[in-house]
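What follows is each chain in one-letter form.
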Amino acid sequence: NFYDEVILDHNAHPQYFSELKNPDISLRAINASCGDKFEIQLKLKDEVIVEVGFKGIGCAISKASTDILLGEILGKSINEAKTICEDFLSAVHSGDFSALSGESCVLENVSKMPARVKCATLSWQTILNN
């Protein structure tokens, strides 16, 4: 399945899995129930996210989802990033991904797996709530 391949690729070869030097924003994303723990780092210039990175440990879904998230918010303002997160979280909870664009659509199948929803939404929820 193409979607599974994209998730596995983001897990095995995440584009943004690196620590930034002197990030402007550093957020902790923790899912105590399964052990996923990430630090999401952002650099801003004129209120626009110009660099992203993350470090930590997590399952394939949470790591891939975090990598996809960072790719989608890079080059966006903080407000735009929060809107992207709101739209994604709404799609996961409704099961309707038709309004989304970009790679976040590959996480549609996760919305049908209640035990994995927290893994997929962890970093998105962290950005939205901070």
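Above this note sits the structure.
These numbers come from a predicted model, not from an experiment. (Residues numbered from 1 in each chain as written. Predicted model: local features only at pLDDT ≥ 70, side-chain atom pairs only at ≥ 80, totals over all residues. Heavy atoms only, no water.)

**Student:** Can you lay out the side chain of N31 for me, pointing to particular residues and giving the numbers?
**Tutor:** Relative to the helices and strands, N31 resides in strand β1 (residues 25-31). Here S33 takes part through its side chain, which lies 2.7 Å from a polar atom of the side chain of N31. Here N31 is in contact with D36, K118, C119 and L122, once residues within four sequence places are set aside. (Helix = DSSP H or I, 4+ residues; strand = E, 2+ residues; numbered from the N terminus. Polar contact = N/O pair within 3.5 Å; in protein donor to acceptor, adjacent residues only side chain to side chain. Contact = heavy atoms within 4.5 Å.)

**Student:** Provide a residue-level description of the side chain of S111, including the pertinent values.
**Tutor:** Following the sequence through the fold, S111 ends up in the loop between α3 (78-94) and α4 (114-128). There is a polar contact of 2.6 Å between the side chain of S111 and the backbone oxygen of E108. Excluding its chain neighbours within four sequence positions, the residues that come into contact with S111 are V92, G95, F97 and V117.

**Student:** Residues and numbers for the state of the cysteines, please.
**Tutor:** The tally for this structure, following the rule as stated, stands at zero disulfides. You can see C59 has no disulfide; the closest cysteine sulfur is in C119, sitting 3.7 Å from it. C105 forms no disulfide, and the closest cysteine sulfur to it belongs to C85, at a distance of 14 Å. (Disulfide = S-S within 2.5 Å.)

From the geometry alone we can't say anything about function, so treat these as descriptive.
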